[in-house]
Amino acid sequence: TMKNIRSKEHAGFAHFTLAAQKIQAEAKKNKCPRNPSYLIDLYKSGRAAYNQFHAFLAKAAQASTTAYVYKTSLGGHPNMKGPYRVLEKGVFKYNDDPTGPLDLSQVRDLVRGSIIDLTMLGLARIGEHILASEKVTVCRVKDRFNNPSAAGWTDMLVNFYFNDDPVKHVCELQLIHFKMLSQRTTQEGHDSYNVYRVRYVARQTALTPTLLTTIMRHYACCVNRLLVVDSISPSKTCRDQFDSGLF
């Protein structure tokens, strides 16, 4: 699919590549601040940035006449990343010692969204709009159109925070070409990706899948109770139990 896009949109792809290079150069000047390390605090800061983030995406999408913001099947914005996936990412990717306190400060896609465009030129214009905006600071970019993931997926990830956000919660935007999204949703590409992701992360850890699943499920149950029952009021007993590995 990507080969077809590059062939049919040669000029647009070249424009996008130049725009991506400019955004990457700017991002290198700005180190991403860490998000809160504790799960409940992470969700608190994410919730505070959520509405502003999606309003910004709606405005950015208007930079291209062929773009639209991704919405769920119910027509709303995507929810924040679920506790289980946040924990999975934190355990596998950012914590070398799974028995110690879990640091989630490098999870930057709790608040996430996507803009889809029919053309690479349109994606370039959206990127340029974000770069020129005084509302955000771009601090990390992954151009997977030019450097596809190991699973073959292509997009551009842009991490940024709002300049008026006192905690500078880092959010994540995906810029996606419509044809790539179509392939993922209509040809079972997303299911294949999920299978690959699970197998890949399982190979990166010495934990057995059973033990890891137990840790994350117990932690997720604790988090869900705090979010739903305690209205995001941290329970010290619950927090201490899981940080110390006492289930």
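Keep in mind the model is a prediction, meaning the values are calculated, not measured.

Colleague: Would you explain the sheet that holds strand β2 (residues 112-117) in this entry?
Modeller: The strands making up a sheet associate through backbone hydrogen bonding, with each pair oriented either parallel or antiparallel. Sheet architecture is open: five strands sit in the order β1-β2-β5-β4-β3, paired in mixed fashion. Looking at strand neighbours, the two that pair on one side only are β1 (67-69) and β3 (136-143), the edges of this open sheet. Across the sheet, the mean angle from the axis of one strand to that of its neighbour is 25°, orientation sign disregarded. In terms of strand pairing, β2 meets strand β5 (residues 171-177) through six bridges, oriented parallel. Bridge assignment links Arg112 to a residue of β5, and that residue is Glu172. Seen against the sheet, helix α5 (residues 120-132) touches β1, β2, β3 and β5 and runs at an angle of roughly 160° to β5.

Colleague: How should I be thinking about the side chain of Thr154 in this particular structure?
Modeller: Positionally, Thr154 belongs in the loop between β3 and β4 (156-162). Residue classification places Thr154 among the buried positions, given a relative accessible area of 1%. Excluding anything up to four places from it in sequence, Thr154 contacts Met2, Arg144, Phe145, Pro148 and Met180.

Colleague: I would appreciate a short explanation of the state of the cysteines in the present structure.
Modeller: Working definition of a disulfide: a covalent bond connecting the sulfur atoms of two cysteines. Counted by the stated rule, this structure contains one disulfide. The thiol of Cys171 is unpaired, and the distance to the nearest cysteine sulfur, on Cys139, comes to 9.4 Å. Overall, the relative accessible area of 0% leaves Cys171 in the buried class.

Colleague: Quick question: what am I supposed to make of the environment of Met156 here?
Modeller: If you trace the backbone, Met156 turns up in strand β4. Put simply, Met156 and Leu173 are 17 residues apart on the chain and 8.1 Å apart in space, counted from C-alpha to C-alpha.

Colleague: Just checking my understanding: could you explain helix α3 (residues 39-61) for this structure?
Modeller: Residues lying three or four places apart along an α-helix face the same way, a consequence of the helix completing one turn every 3.6 residues. In this model, α3 (23 residues) spans 31 Å end to end at C-alpha, consistent with the 33 Å of a helix rising 1.5 Å per residue. Of all the bends in α3, the greatest measures close to 40° and is centred on Tyr50.

Colleague: Looking at this structure, I do not really get the environment of Asp165. What am I missing?
Modeller: Looking at the element boundaries, Asp165 is found in the loop between β4 and β5. The class for Asp165 is buried, based on a relative accessible area of 11%. Along the backbone, Asp165 and Lys135 are 30 residues apart, and their C-alpha atoms lie at a distance of 9.8 Å.

Colleague: Quick question: what am I supposed to make of unusual backbone geometry here?
Modeller: For residues other than glycine, phi is negative in most cases, and the peptide bonds are mostly trans. Here Lys168, not a glycine, exhibits a phi torsion of approximately 50°, which is positive. On the secondary structure map, Lys168 appears in the loop between β4 and β5.

Colleague: Honestly, the pairing of β2 in this entry has me stumped. Any pointers?
Modeller: Looking along a regular strand, one sees the side chains alternate between the two faces of the sheet. Burial analysis of β2 places five of its six residues in the buried class, the great majority of the element. Here β1 runs beside β2; their pairing, made up of three bridges, is antiparallel. Within the sheet, the bridge partner assigned to Ala67 lies in β2 and is Asp117.

Colleague: I would appreciate a short explanation of helix α2 (residues 10-27) in the present structure.
Modeller: End to end, α2 covers 26 Å across 18 residues, agreeing with the expected 26 Å (1.5 Å per residue, within 8%). Where α2 is concerned, the buried positions are Gly12, Phe13, Phe16, Thr17, Ala19, Ala20, Ile23 and Ala27. Turning to α2, the residues buried within the fold contact α1 (2-8), α5, β3 and β4.

Colleague: Explanation requested: the packing of aromatic side chains in the structure shown.
Modeller: By the definition in use, this model includes six aromatic pairs. Each member of the aromatic cluster is reached from another via a ring pair, and the members are Phe53, Phe56, Phe160 and Phe162.

Colleague: Before we go on, may I ask you to explain the pattern of salt bridges in this structure?
Modeller: Note that side chains of opposite charge can pair when their charged atoms are close. Taken as a whole, this structure holds five salt bridges when the rule is applied. Where Asp109 meets Lys81, a salt bridge forms, and the shortest distance between an N and an O atom there is 3.0 Å. In this pair, Asp109 is assigned in the loop between α4 (83-94) and β2 and Lys81 in the loop between β1 and α4, connecting sequence segments 28 residues apart. Summarising the burial analysis for this pair, Asp109 and Lys81 share the class buried. Notably, a salt bridge pairs Lys89 with Asp109, separated by 2.9 Å at the nearest N-O pair. Remark: Asp109 occurs in the loop between α4 and β2 and Lys89 occurs in helix α4; sequence separation between them is 20 residues. By the burial criterion, Lys89 is buried, and Asp109 matches it. Through salt bridges with shared partners, a single network forms among Lys81, Lys89 and Asp109.

Cut-off values and rules
- Residues numbered from 1 in each chain as written.
- Predicted model: local features only at pLDDT ≥ 70, side-chain atom pairs only at ≥ 80, totals over all residues.
- Heavy atoms only, no water.
- Pairing = 2+ DSSP bridges.
- Helix = DSSP H or I, 4+ residues; strand = E, 2+ residues; numbered from the N terminus.
- Axes fitted to C-alpha atoms, helices over the stretch in contact; angles between N-to-C directions.
- Contact = heavy atoms within 4.5 Å.
- Buried < 20%, exposed > 50% of the residue type's maximum accessible area, 1.4 Å probe, protein only.
- Disulfide = S-S within 2.5 Å.
- Expected span 1.5 Å × (residues − 1).
- Bend = angle between axes of the 7 residues up to and from the residue.
- Phe/Tyr/Trp six-rings, centres within 6.5 Å; stacked < 30°, edge-to-face > 60°.
- Salt bridge = Lys/Arg side-chain N within 4 Å of Asp/Glu carboxyl O.

In short, shape yes, function no, at least from these values alone.
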